[in-house]
Amino acid sequence: MTTTIPLKHWIKEALETSSAGYLSGLFPGIASELPPPFPVSCINWADCITVCLKPQEGTHDHDESLLPFPAAFSHLADDFGDLLEQVAQGVEERAAKLRESTAAALREGNGDGYLDVDCARISYSNNSAASRNEEDWTREKLQRIYSLGLVFYELFSGGELPPLEMLVVSSSNGGDLTAISSNKVEGEVRRSANRNGSRWNDFASTLEVSDDISLGENTDHYESWNGDYVASISNKRRSLSSRSMQALAASTGPIICEVSVGCLSGKGVPSRLCDLIYNMIDCINGDFMGNESYSEIVDVTCDLQLMLTKPSVYLHDLEVDKLSLTALELNDTVFERKNEFDSLQCSYRRFVSGSSELAIITGTSGTGKSTMANRLGNFITAEGGLFLSGKFDQMMQCAQPFSAIASAFNNYCHQLAMYEESERAMLVASKLQTTLGPDLYYLIQVIPNLSHLVFGNPTGIPPNRDDCVDAQQRLQYLFCRFVEVISSCSGGPMTLFIDDVQWADSASISLIGQLLKTTRSMQGESRVFFLATCREDELGSDHSFWKMIHTVRNFGFETTLVKLECMDRDTVTNVVSNLLHLSPRLVGSLSHILFHKTKGNPLFVSKMMLSLHREGFLRLSLARRRWEWDEEKMHSKKLHDDVAMFFVNSINTLATDVKIALRVLSCFGSSTECEFIQAIETDLKLNVTEPLKIAMAEGLVNKLDGKYVFCHDRIQEATYSMIEGLSLIKRSMRDDHVALLFTAVMQLNLGGPSAVQHADEYHKIAKYNLLAGKKAMEMSDFSSAFSFFDHGMTFLRKKHWRDQYDLSLELFNLAAKCALAIEDHSSLTMICDEVSRNARNYKDTLSSSFTHMSALIHSRISDSLEFGFKELSRLGVDIPSSVSRDDTLKLITETKSMLDGFTDDTLLNYHVLSDYKKVMAIKFLAKLENSINQANPSLLPFITIKIIQLTIEHGMSPMSAIGFAYFGGIIGELGDIRGGYRYTRLAKALLNKYKCNEIAGEVMFLSSEILSFLEPLQGTNEYRIQGQELAMSAGDIHWARMNRLGFIGTLIWSGTNLSSVKEELISARHFSAEHNHRTSLYYIKTFGETVSRLVEGETLSDGQLTMSVIENNVPYQLVVFYFHRMFVSFVFNNYVDMKCNAEKFFEYRMPSGHLLTGHAVHAFIGGLASFRIYRETHEPMWAQRGEEYKERMRTWRDKGSLWNFENKCFLLEAEECYSNGNVDEAMALYEHAISSAQDHKFVHEEALSYELAANYYFDIGNKLMALKYFTCAREAYFKWGAFAKVTTLNTYTQEKLENEVLISVP
């Protein structure tokens, strides 16, 4: 065949190509209209070409020339004679080369047959192709297939002739077929064949290899089949016998060819190939041919192609012995989806290359989403990556907070803990302890296996639910740090796969979003690739998951969305074909049934295949070594359209004990530890393990890594839906097992109060909900905790405030805290009102009242102050509506004098406050400090002093630290900087002693602010970083942002290179955007605009945000806004803008209750701007403002840090002397300012001092000195990174100074 087929195609292509060229020469006018190749319209060359074969050994004489000119072409002789002669010569040369190559291959033992080309000829019937009737075409097609089958028989039998019973010869009536079936003529036929050597003229000469046979790599024929074609194969065979074959039989008589391929099987030819040859030869039997016999040559071509490309599936015999034991097996590759998988691989590779990527696989239930994700996981692992996976469970999400995320990291910790002596395990443990310290306790509540990994873990530290502002934010921060550590130690890029996110709770989705946004800024292998699956039909467009995805896209994440559809008919055919190792044409009827019953759902297809096999409809034939099926029984099989109902019916057919075991297992989610199930068996006194083995055999459950796992969540859902009444787990409730506790309480809550059978159970179930809610709060899942508390309240009976007062009070108070955490303000209000009405005394209302006030602070500050003052009044602390400045100063003086009588050690070891009402009074006051500072700063000293007075009178509270911190800032603002620093230092010591993380970020911020007036500014940022981390570890986002803003401001005003500042601004902007804090984002953008103007000369102002700030009329924001514009216009010598912005700055300037770093910067630049405006306007007001700021700067220099303020004082004094005309003194002060700025590393203030001195020299006419100082200013600005300023200064000096200086020099 290696010679026959190529020669056939070469002749066809040569004729077509040559004919097109020949026609173009004959008719030049139509040359442009002839598409190459252009076959002659009246001749189908492929149907006219016959390639005759002969045995490899021996010769064969024939009378025909190689390419005789048929009479039918006589009318074309004049036009095509040269053409045919040319092609004939080419065929001769081609055939010779093919014979030579075939002979060489056979001599080397590489030949694949025993045949060679005998001759090739063009044969043409008097009847044109168009006039042939259907019967002629059918007979010719079957002749070709039959003849090719005989050729294959001899090829694979080693040259043996087919039995005479398989031979059909042409009769004398012009091509009709006659079967050889009589022993009478057997000898004559054989003698004739042996004598003349013409058997291949009789039989094989009918083999006309057409375009349909093309055994290359191209499988387009196979891939392009549509479902209708595959489904109609069997019908085509039937139609052949009903029409064409009837006509054939009528003209020739009965044709019965006895087909046997036993000889081939005996020679080791694969049974699949034997079947192929059998069905090719059997096609000649007309009405008597089998259903699998070939009727189209394209079917032969496709089956041969499959055998060549996938021999392990379509050529080699099935391992019948193995299959008889294991039965039908389905694996992950059965439903291969190449295009979709390639998209996921590309996304991961982009992530490895540095891109921020996430991928989401969507589709309906059963489409193979999890299978696809796990395939990618295998690829990632093979590439050296770390693949962590978790699954949200519809049944367990309310019972197990952060279940999917925690499960992923819990499994990772378990794997590391198994090799705790390994280098990686020790490295991870060491880094976690260093990074998180005692805060590991909170992570261990969510990731239990972390306790086995961290040596000397802090699990013994009791939790304090009141030690943070927002426990959920704290958990997010700790998770981010945890991921940062393990990803940096993993040795490869980390992937987090979360399955079934449609069941994720809002807290988990928020955590995922925070992980993505935080890890995006990590470098190298510390980043995380996120992969998720979800049921598209159960995840609406308004779901919080899609909102989170939209948010992270704004942070630069590229999203790959892969949608898995149900399979179409062709795909089902391919799947069944691959699974049963049979060609698509043979499984067409079976796949048609499957598609009709399952609509192409992969899960449904697989389970139906297994069901058909289990019920005997699909069986393995040992005799034929292949699969067989009963179509009629399959058609009659009833099947539910709903997948869940299909599983329900399947489960109902199982034994009772198996159904009970599955129901028990379904109560605990999609997977459950085997040890846990064994413990359940003891508690329930019920056999579960043995029945589950039967469920495993049925393909419903797997046992993986010490866990029972449902093969699909649809199976678990179907099983769970069969549970009636309260779960059996109620009988096995144990407080010491958190997972069991959550599960049991959830089951009881599903039953509700109406399912309770005994009156005493209401109280017990309410207590169980209280316990579960507390556990959920420890795990920072306030949504689940609130659900438990809410359910607990529904189990309380009518007179519960009388009969179960303590239980009721605790449930309602904790529910209020959770409602605050999840921002359910309506529920919070109702709960607090309920407590207020039913509490036995005022003391019992304080907890809910404090929670209510805290909620108001986040939404309505004025209402929170009114509510807080009212509660404080009831506690004996009266807050006036206003306090005069004189009274305030008097209170401050008295308090300072009182504290001067205590040493730091005395205060640090002061007796602890025990009066609950006083404790709550201090707590209310501390909570109101920041709100007062925003709404009514004049009251801040009074609130602060009240905290200190209560502390001295009644004892030290953990919240007292906030009072000392604010008091330090207050007296620092009044000029006693070192005295102020004493109290902020005391506040930090109290913080460490009482471990009050709730106020840690606020205390660290206040302490760092006053510290910047005492220590070199460049060294204070380490305290701000510490403050941010402490605030984040307490979930206090507000003070984490404040510390971050202080950090950025310190970078700018300490002279840090502006390129480094830009990088930190990008990071800070992401940080604020992550938490959707518009105010801090505004400050960051304001800083960014200033830096951008200095570096690039561009304005990056967000006009809409600026307008919003102006319209809202927030005083301090406006002060910052106009200060930065005043500073930029001052630096760029834009006097008009500077004056306008300075006027606005002073308009919105307001007195501050405590000392801030920004005050020093405002005083410095505000003083310089004031003296400049005074020189232009001579308005005394501006001189007074400059003088005021100069005096403040002297105070900070003399009582605070010489390092930070000396050069600023010199420069302000120099500008004052310049404004007052004191030339000589001004000159000396400029020199002192420059020298001091150089000594104290303030490069930006050195540049500013040089420039102001240059302006001074220019004005007094010393242009040479002015040029010198401008040059030094350019160098200093360049060193700072203010390249835009350098450019403008270059232009200015070139235009105004350099030419004049050069002219004046002799």
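What this report covers is the structure whose coordinates are included nearby. Note that the structure is a prediction, hence the values are computed from the model and not measured.

**Regarding the sheet that holds strand S14 (residues 707–710)**
With antiparallel pairing, the 3 strands of this open sheet are ordered in space as S12-S14-S13. Strands at the two margins of the open sheet, each flanked by one partner only, are strand S12 (671–673) and strand S13 (701–704). The average angle at which neighbouring strand axes cross in this sheet is 25°, direction not considered. Bridging between S12 and S14 involves 3 bridges; their strand directions are antiparallel. Pairing of Ser671 across the sheet is with Val709, part of S14.

**Here's the deal with the environment of Leu811**
As for its position among the elements, Leu811 is in helix H37 (residues 805–821). Between the C-alpha atom of Leu811 and that of Lys774, which follows or precedes it by 37 residues, the distance is 9.7 Å. In this structure Leu811 touches Ala766, Leu770, Phe789, Gly792, Met793 and Leu796, once residues within four positions along its chain are discounted.

**A look at the environment of Leu612**
With respect to the secondary-structure elements, Leu612 resides in helix H26 (residues 602–614). Residues Leu612 and Lys633 lie 21 residues apart in sequence; the distance between their C-alpha atoms is 9.8 Å.

**Structural notes on the sheet that holds strand S9 (residues 558–564)**
Overall, parallel pairing links the 5 strands, which are arranged S6-S7-S8-S5-S9 in an open sheet. The open sheet has two free edges, formed respectively by strand S6 (386–391) and S9, since each of these has just one partner strand. Direction aside, neighbouring strands of the sheet carry axes that sit 15° apart on average. Examined bridge by bridge, strand S5 (residues 357–363) and strand S8 (residues 528–535) share 6 bridges and lie parallel to one another. Opposite Ala359, over in S8, you have Leu531 as the bridge partner.

**So, the packing of aromatic side chains**
To describe a pair of aromatic rings, you give the distance between the ring centres and the angle between the ring planes. The full count for this structure, using the stated rule, is 35 aromatic pairs. Judged by centre distance (6.0 Å) and plane angle (85°), the ring pair of Phe902 and Tyr910 falls under edge-to-face. Geometrically, the ring pair formed by Tyr1122 and Tyr1148 is stacked, given 5.9 Å between the ring centres and 0° between the ring planes. Taken together, the positions of Tyr1122 in helix H53 (residues 1115–1131) and Tyr1148 in helix H54 (residues 1135–1148) put the pair 26 residues apart, joining distant regions of the chain. The class of Tyr1122 is buried, set by a relative accessible area of 10%. The lysine or arginine in question, Arg585, covers the ring of Tyr294, its NZ or CZ lying 3.8 Å from the ring centre. Above the ring of Trp1182, the side-chain terminus of Arg1185 is found at 4.6 Å from the ring centroid.

**Focus on the packing of helix H47 (residues 1000–1011) against helix H48 (residues 1021–1033)**
Where H47 meets H48, the closest approach of the two axes is 8 Å, and the angle between their N-to-C directions is 170°. Between H47 and H48, the interaxial angle falls into the category roughly antiparallel. Residues Ala1000, Gly1001, Met1004, Ser1008, Glu1009 and Leu1011 of H47 touch H48, and the partners they reach there are Tyr1023, Arg1024, Gln1026, Gly1027, Leu1030 and Ala1031. The residue makeup of the contact of H47 with H48, split by class, is 6 nonpolar, 4 polar and 2 charged.

**Some details on the environment of Ile1037**
Looking at the secondary structure, you find Ile1037 in helix H49 (residues 1037–1053). The buried category is assigned to Ile1037, whose relative accessible area is 10%. With 560 residues separating them in the primary sequence, Ile1037 and Tyr477 have C-alpha atoms 9.9 Å apart.

**As for unusual backbone geometry**
Comment: phi is negative for the bulk of residues other than glycine, and the bulk of peptide bonds are trans. Of note, His581 is a non-glycine position whose phi angle comes to about 60°, a positive value. Structurally, the position occupied by His581 is in the loop between helix H24 (569–580) and helix H25 (588–598). Located in the positive-phi region is Lys1241, a residue other than glycine, with phi close to 65°. Note that Lys1241 resides in the loop between helix H58 (1223–1239) and helix H59 (1243–1259). Residue Lys1241 is classed as exposed on the basis of its relative accessible area of 57%.

**Things to note about the side chain of Glu1206**
Along the polypeptide, Glu1206 turns up in helix H57 (residues 1202–1220). Lacking a salt bridge, the buried Glu1206 has Arg1197 as its closest oppositely charged neighbour, with an N-O distance of 6.4 Å. Within polar-contact distance, the side chain of Glu1206 engages the side chain of Ser1236 at 2.8 Å. The contact partners of Glu1206, leaving out residues within four places of it in the chain, are Arg1197, Ser1236 and His1240.

**Concerning the packing of helix H43 (residues 916–935) against helix H45 (residues 960–973)**
Their axes nearest at 9 Å, the elements H43 and H45 cross at an angle of 40°. For the element pair H43 / H45, the angle class is oblique. Note that H43 runs across H45; the crossing there is left-handed. Contacts between H43 and H45 pair Ile922, Ala926, Glu929 and Asn930 from the former with Ser960, Ile962, Gly963 and Tyr966 from the latter.

Calculation criteria
- Residues numbered from 1 in each chain as written.
- Predicted model: local features only at pLDDT ≥ 70, side-chain atom pairs only at ≥ 80, totals over all residues.
- Heavy atoms only, no water.
- Pairing = 2+ DSSP bridges.
- Helix = DSSP H or I, 4+ residues; strand = E, 2+ residues; numbered from the N terminus.
- Axes fitted to C-alpha atoms, helices over the stretch in contact; angles between N-to-C directions.
- Contact = heavy atoms within 4.5 Å.
- Phe/Tyr/Trp six-rings, centres within 6.5 Å; stacked < 30°, edge-to-face > 60°.
- Buried < 20%, exposed > 50% of the residue type's maximum accessible area, 1.4 Å probe, protein only.
- Lys NZ or Arg CZ within 6 Å of the ring centre and 35° of its normal.
- Parallel < 35°, antiparallel > 145°, perpendicular 65-115°, else oblique.
- Nonpolar A, V, L, I, M, F, W, Y, C, P; charged D, E, K, R; others polar.
- Lys, Arg positive; Asp, Glu negative; His and termini not counted.
- Salt bridge = Lys/Arg side-chain N within 4 Å of Asp/Glu carboxyl O.
- Polar contact = N/O pair within 3.5 Å; in protein donor to acceptor, adjacent residues only side chain to side chain.
- Left-handed = near helix turned anticlockwise from the far one by under 90°.

Structural measurements only, silent on function.
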